[in-house]
Amino acid sequence: MTPAIEIEGLKKKYWKGKVVTTEALKGVSLSIPKGEFFALLGPNGAGKTSLISILAGLGTKTEGTVVVNGVSIDKDPDTAKSFIGLVPQEFNFSIFEKVLDIVIDQAGYYGITKAEAMPYAKEILTALGLWEKRNDQAQTLSGGMKRRLMIARALIHKPEILLLDEPTAGVDVELRRSMWEFLKDLNEKGTTILLTTHYLEEAEQLCRRVAIINHGEIIEEGSVKELLGKLHITTVLLDTVESLTEAIMQLLRGEPLVREDENTLKLTLGPGGTMNEAFRKLSSVGVHVTNVRSMGSRLEEVFIQLIEKKDAKDATA
Amino acid sequence: MKSPTFVGYKTMVRKELVRIFRIWSQTLLPPVITMSLYFVVFGGFIGSQLAPIAGYSYMQYIVPGLVMMTIITSSYMNTVSTFYFAKWQHTIDEILVSPMPSWVVIAGYVTGGVLRAFLTGFLVVIVSLLFTHLVISNIFILFAAAFLTSILFALAGIVNAIYAKSFDAISIVPNFVLTPLTYLGGVFYSISLLPPLFRHISLANPILYMVNAFRYGFLGVSDVSMVHCFAVMGGFTLVMLIWVLVLFKKGAGLKK
Ligand SMILES: Nc1ncnc2c1ncn2[C@@H]1O[C@H](COP(=O)(O)OP(=O)(O)O)[C@@H](O)[C@H]1O
Ligand SMILES: [Mg+2]
């Protein structure tokens, strides 16, 4: 089956006059099958917004190919755009317009008349808790409501692919959960979703597949499970009988052990690492372990580890 | 008609019209007041002292030029302000992400400019009737000149807005280019009254041809031939159209 999004060797340079100021994307390739819930995870400045903007037709690319539902954005940009709904990172509606008008006018740009758009506008505005606000000016909405207004606007033409650029930035926890539920539901009904986030829990909760982007390059890609498994990062907490004095910690230097509190050590095991070595070392310095508690391994740590590893490599290169 | 393209176009035009009427005190009222002052001061106080030009009273002679001045300013101001504001507020993104072809987007903005030009032009004509009476000698030329000129300046407004990086940049052209060229474009006099040197310099001013074509539509008199007038208007409109299309194609000033 044709993938929903197929990106090959995508490069993006920002210019100031004839000088390249930033190379925001350095040859990104990604293939996202239809029906996927995909997260593009990366810190600020990684190139996420640049990539989303190119996909949505808001940004130009320097090099590479982008194919949406089998349609090249170079050959037929208008058709490619018709498959996509975009929820941008920054608010970009007119704050003086009414909520319903913003959604209905957007439908118009996609060739849908007001009469045709109305029933669905009502449905999604209701689902997003905005129907009561339909006749209010957009500037009267709270931050979370503005974000949901942009989701409604992006969905009004029933796109097959939804792009969300940091959709929950600045949205409170309660609302974030309900937004997640909404997106999960949408995905289950068949919409392909690509979201960017630097919020790891989001990727972990929502997405099946994750690509980690840093400095304009994809440094890892796979299912959330694969990513965790691949790196075999396990963190365990060790309760000790002896107090962990400065002197003992000195003796443990060089081991993957961190003092959590008076009687707790945190042991991080990388790929191939075993607990035996750590235990041997601990008994050699006279520390007895009474209990081992697993912390599991979280995407957060994988993410940090990957970025650190990459940065270290860059520094030595 | 319900083709997607037409629905998109209609949506844009509807938004433009709503805006023009919502802020009518900024869009429709100013030219009416300014032109009323011109009629009182130039046409009434000063004009009454002057000899008729080409058989028409001074007031009658300047009305077509002043209406044309209104058309030029209104069409230009409409696109430059809506387009620049859309860029500044990033609402232009709503249009750029949509599958509407560029030419439809351009047509939508231009139609907004043309509609505002015709609305204000019409109001100013009505007001002028309080001061004098008008004749229409060629209604086809009258409308063709108004139509072409408003398209031309609506397109020019888009070009200005695309290049503009600040609100200041959208007032430079109206203040330092449009106003002088219009004043020197034969609105207030016939260039046949000028010394030969200035008469020749005036012929290089494109606005002269628009004012004269429009005046010909009303009064049947012109300093230049209609063939030249329509060649100039058509030529400049074509150049502007191509310029706008190229800018859209490149995404210059629009896309990141
Ligand atoms: N319009 C722009 N002009 C110049 N540089 C830009 C522009 N937009 C983004 N950048 C730069 O490109 C890099 C990637 O930015 P962006 O795509 O916004 O990253 P992210 O969304 O992951 O935070 C950053 O270094 C940023 O400063
Ligand atoms: Mg971003």
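Cut-offs and rules
- In this convention, every chain numbers its residues from 1, walking through the sequence in written order.
- For naming, the first written chain is A and the first written ligand is 1, with later ones following in the order written.
- Reporting in this predicted model follows two pLDDT cut-offs: at least 70 for local features of residues, and 80 or more for side-chain atom pairs to be given and counted; totals over whole chains, interfaces and linings ignore these cut-offs and use all residues.
- Think of the side-chain values as coming from all heavy atoms in the structure, minus any hydrogens and water.
- We count a salt bridge whenever a side-chain nitrogen from Lys or Arg sits within 4 Å of a carboxyl oxygen from Asp or Glu.
- For helices the rule is a DSSP run of H or I covering at least 4 residues; for strands it is a run of E covering at least 2, with both sets numbered from the N terminus onward.
- Per-residue accessibility, obtained with a 1.4 Å probe over protein chains only, is compared with the maximum for each type, and a residue is labelled buried under 20%, exposed over 50%, and partly exposed between these values.
- Strand pairing requires that DSSP identify at least two bridges connecting the strands.
- Interaxial angle, 0 to 180 degrees, is taken between N-to-C directions of lines fitted to C-alpha atoms, where a helix line uses only the stretch in contact.
- Contacts are assigned to residue pairs with any non-hydrogen atoms lying within 4.5 Å of each other.
- Coordinating N, O and S atoms are those within 2.8 Å of the metal (3.2 Å for Na, K and Ca), and as water is not part of the atoms, a site may appear to have fewer donors than expected.
- Here the bounds of each domain stem from an automatic or database domain assignment.
- Exposure above 30% relative accessible area and the lack of any salt bridge qualify a residue for a patch; like charges then connect within 9 Å, and the nonpolar side chains Val, Leu, Ile, Met, Phe, Trp and Tyr within 5 Å.
- Residue-level accessible areas treat just the shown protein chains as cover; the underlying method is Shrake-Rupley with a 1.4 Å probe.
- Proximity criterion: a residue is near a molecule or strand once any of its heavy atoms comes within 4 Å of it.
- Counted as a polar contact is a pair of N or O atoms within 3.5 Å, where, for protein atoms, one must be capable of donating a hydrogen and the other of accepting one, and residues adjacent in sequence contribute only when both atoms are in side chains.
- Each residue gets one of three labels, nonpolar for Ala, Val, Leu, Ile, Met, Phe, Trp, Tyr, Cys and Pro, charged for Asp, Glu, Lys and Arg, and polar for the others, Gly among them.

Participant: Looking at this model, I keep getting lost on the pattern of salt bridges. Mind explaining?
Facilitator: Tallied over the full model, the rule gives 11 salt bridges over all chains. Between Lys15 of chain B and Glu97 of chain A there is a salt bridge, and its shortest N-O distance comes to 3.3 Å. Taken together, the positions of Lys15 of chain B in helix α1 (residues 4–22) and Glu97 of chain A in the loop between β6 (84–87) and α3 (99–109) put the pair across two chains. The partner of Lys189 of chain A in a salt bridge is Asp185 of chain A, with the nearest N and O atoms 3.0 Å apart. Given the relative accessible area of 67%, Lys189 of chain A is considered exposed. The class for Asp185 of chain A is partly exposed, based on a relative accessible area of 36%.

Participant: Got a minute to help me understand the sheet that holds strand β10 (residues 217–223) of chain A in this structure?
Facilitator: Residues and elements named next belong to chain A. An order of β6-β7-β8-β3-β9-β10 is seen for the six strands of this open sheet, with the pairing classed as mixed. Either end of the sheet is taken by a strand with one partner, and the two such strands are β6 and β10. Within the sheet, the average angular offset between the axes of one strand and its neighbour, ignoring direction, is 15°.

Participant: Looking at this structure, I do not really get the sheet that holds strand β1 (residues 5–16) of chain A. What am I missing?
Facilitator: Strands in a sheet are paired, the pairing made by backbone hydrogen bonds, and the direction either parallel or antiparallel. All names here are of chain A. Taken in spatial order, the four strands line up as β2-β1-β4-β5 in an open sheet, and their pairing is antiparallel. At either end of the open sheet lies a strand with only one pairing partner, and these are β2 (19–32) and β5 (71–72). For strand β4 (residues 63–68) and β5, the ladder comprises two bridges, and the chain directions are antiparallel. Bridge pairing links Val68 to Val71 in β5. Strand contacts of helix α1 (residues 48–56): β1, β2 and β4, with the helix running at about 110° to β1, the strand carrying the most contacts.

Participant: Could you clarify how one ought to interpret the coordination of the magnesium ion (ligand 2) in this entry?
Facilitator: Residues and elements named next belong to chain A. Listed as protein donors to the magnesium ion (ligand 2) are Thr49 (OG1) and Gln89 (OE1); their distances from the metal cover 1.9 to 2.2 Å. Taken together, the residues Thr49 in helix α1 and Gln89 in the loop between β6 and α3 connect sequence positions 40 residues apart. Since its relative accessible area comes to 25%, Gln89 is described here as partly exposed.

Participant: Any chance you could explain the domain arrangement of chain A here in plain terms?
Facilitator: How big an interface is tends to be stated in terms of the accessible area lost upon association of its parts. Segmenting chain A into domains produces domain 1 (5–226) and domain 2 (234–298). Centre-to-centre separation of domain 1 of chain A and domain 2 of chain A, based on C-alpha positions: 44 Å.

Participant: So what exactly am I meant to see when it comes to the pairing of β6 of chain A here?
Facilitator: Sheet faces and side chains relate simply in a regular strand, where the side chains alternate between the two faces. All names here are of chain A. Side chains Ile84 and Leu86 project from β6 onto one buried face, and the interleaved Gly85 and Val87 project onto a second face that is buried too. In this structure, β6 lies alongside strand β7 (residues 161–165), joined through four bridges in parallel fashion. Bridge pairing in β7 links Leu86 to Leu163.

Participant: Before we go on, may I ask you to explain a nonpolar patch on the surface in this structure?
Facilitator: Residue and element names in this part refer to chain B. Residues Trp103, Leu238, Leu241, Ile242, Leu245 and Val246 make up a contiguous nonpolar surface patch of about 570 Å² in total accessible area. The element contributing the most residues to the nonpolar patch is helix α11 (residues 226–250), with five residues. Relative to the assigned elements, Trp103 resides in helix α6 (residues 102–128).

Participant: Help me understand the site of ligand 1, please; the structure alone is not making it clear to me.
Facilitator: Residue and element names in this part refer to chain A. The environment of ligand 1 is formed by Tyr14, Thr22, Ala24, Pro43, Asn44, Gly45, Ala46, Gly47, Lys48, Thr49 and Ser50. Here a nitrogen atom of ligand 1 sits 3.4 Å away from a polar atom, N or O, in the side chain of Tyr14. The contact in question runs from an oxygen atom of ligand 1 to an N or O atom on the side chain of Thr49, over 2.7 Å. Elements with a contribution of two residues or more to the shell around ligand 1: β2 and α1. It is α1 that contributes the most residues to the shell around ligand 1, three residues altogether. Each residue belonging to the shell around ligand 1 can be placed in one class, and the counts come to four nonpolar, six polar and one charged.

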